Amino acid sequence: MQPMDPDILEHLLGVPVAALGTLHGGAPFVSMVPVAPEPGRGFLIHVSRLASHTRDLEADPRASLMWMAPLDEEADPLALPRVTVGCHAEPVPGGEADAAARAYLARFPQAEPLIGFGDFGFWRLRPDSARLVAGFGRAMSLDRDAVLKALEG
């Protein structure tokens, strides 16, 4: 077995789009969300209250985010680096919304027109644990601190 590349987690968490897993009426539901890192805390998403995943988070804050490296046309899909982070989701309090907007817009400046929409809000996803697969046969479980350290860059 090859040693784990120490930068692979940081690289994967730097991908701007993730799959968001929620519980939808008790059943798994996955959607795509743009994600901004929030060093020391976790991840920020900016979502509409009209979206199923937002209503799911309001009903049950357990969620997961999954990032994966792009699949090279000739690569083995089982060797695809990926990480799934189990999270606890919470709405960003009103007093922290401006700071959340700055962090989010630093990554997604094109989202600025949506910031003022009344049905959109920021959610913070605080990591609990993670499962990193750096390639075929190269997997490991990580704790919250390892995820937060990778977000520090």
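You'll find the structure just up there.
Residues numbered from 1 in each chain as written. Predicted model: local features only at pLDDT ≥ 70, side-chain atom pairs only at ≥ 80, totals over all residues. Heavy atoms only, no water.

**A closer look at the overall build of the protein**
Applied cut-off: By the criteria applied, helices consist of DSSP H or I runs no shorter than four residues and strands consist of E runs no shorter than two, each listed in order from the N terminus. Throughout, the radius of gyration refers to the C-alpha atoms, and the reference size of a globule is 2.2 Å times the residue count to the power 0.38. Relative accessibility decides the category of a residue: with a 1.4 Å probe and only protein chains considered, values under 20% of the type maximum give buried, values over 50% give exposed, and everything between is partly exposed. The contact definition used throughout considers only heavy atoms, calling two residues in contact when any of these lie within 4.5 Å. Note that accessible areas follow from Shrake-Rupley with a 1.4 Å probe, and for residues the cover is restricted to the protein chains shown. Only four residue types enter the charge count, namely Lys and Arg as positive and Asp and Glu as negative; His and the chain termini do not. By convention, the point assigned to a charge is CZ for Arg, NZ for Lys, CD for Glu and CG for Asp.
The number of helices and strands found in the protein is five helices and eight strands. Secondary structure elements of the protein occur, N-terminal to C-terminal, as α-β-β-β-β-α-β-β-α-α-β-β-α. The C-alpha radius of gyration of the protein comes to 16 Å, within 12% of the 15 Å expected for a compact globule of 153 residues. Taken over the C-alpha atoms alone, the protein extends approximately 50 × 35 × 30 Å along its principal axes. Counting across all 153 residues of the protein, residues that qualify as buried make up 38%. For the protein, the share of sequence-separated contacts (at least 6 apart) that also reach a separation of at least 24 residues comes to 66%. Accessible surface, the protein as shown: approximately 8,400 Å² in total, 58% of it carbon and sulfur. The averaged location of the 20 negative side-chain charges in the protein is 5 Å from the averaged location of its 13 positive side-chain charges.

**What about the environment of Ala-97?**
Within the secondary structure, Ala-97 sits in helix 3 (residues 97–107). Taking C-alpha positions, Ala-97 is 9.6 Å from Trp-123, a pair spaced 26 residues apart along the chain. Discounting residues that sit within four places of it in the chain, Ala-97 has contacts with Val-92 and Phe-122.

**Description of the pattern of salt bridges**
Formally: For this document, the term salt bridge refers to a Lys or Arg side-chain nitrogen within 4 Å of an Asp or Glu carboxyl oxygen.
For the coordinates displayed, the defined rule picks out seven salt bridges. Of the charged contacts, one joins Arg-124 and Glu-90 as a salt bridge, the two residues approaching to 4.0 Å between their closest N and O atoms. With Arg-124 in strand 7 (residues 120–135) and Glu-90 in strand 6 (residues 82–91), this pair connects stretches of sequence that are 34 residues apart. When its relative accessible area of 23% is taken as the criterion, Glu-90 is described as partly exposed.

**A short note on the nonpolar core**
How we decide: Joining through side-chain atoms within 4.5 Å is the link that ties buried Ala, Val, Leu, Ile, Met, Phe, Trp, Tyr and Cys residues into a set, and such a set is a nonpolar core.
In this structure, Leu-13, Phe-43, Leu-65, Trp-67 and Leu-125 are the most contacted members of the largest nonpolar core, which totals 31 residues. Not counting residues within four places of it along the chain, the set of residues in contact with Leu-13 comprises Phe-43, Trp-67, Val-83, Val-85, Arg-107, Val-147, Ala-150 and Leu-151. If you look at the next biggest cluster of nonpolar residues, it comprises nine residues, including Ala-36, Ala-101, Tyr-104 and Phe-108.

**Focus: the pairing of strand 8 (residues 138–143)**
Applied cut-off: Paired strands, in this sense, are two strands between which DSSP finds at least two bridges.
In terms of strand pairing, strand 7 meets strand 8 through six bridges, oriented antiparallel. By the bridge assignment, Ala-130 is partnered in strand 8 with Leu-142. Counting the residues between successive antiparallel strands, the hairpin from strand 7 to strand 8 contains two residues, one of them, Gly-137, with a positive phi of roughly 75 degrees.

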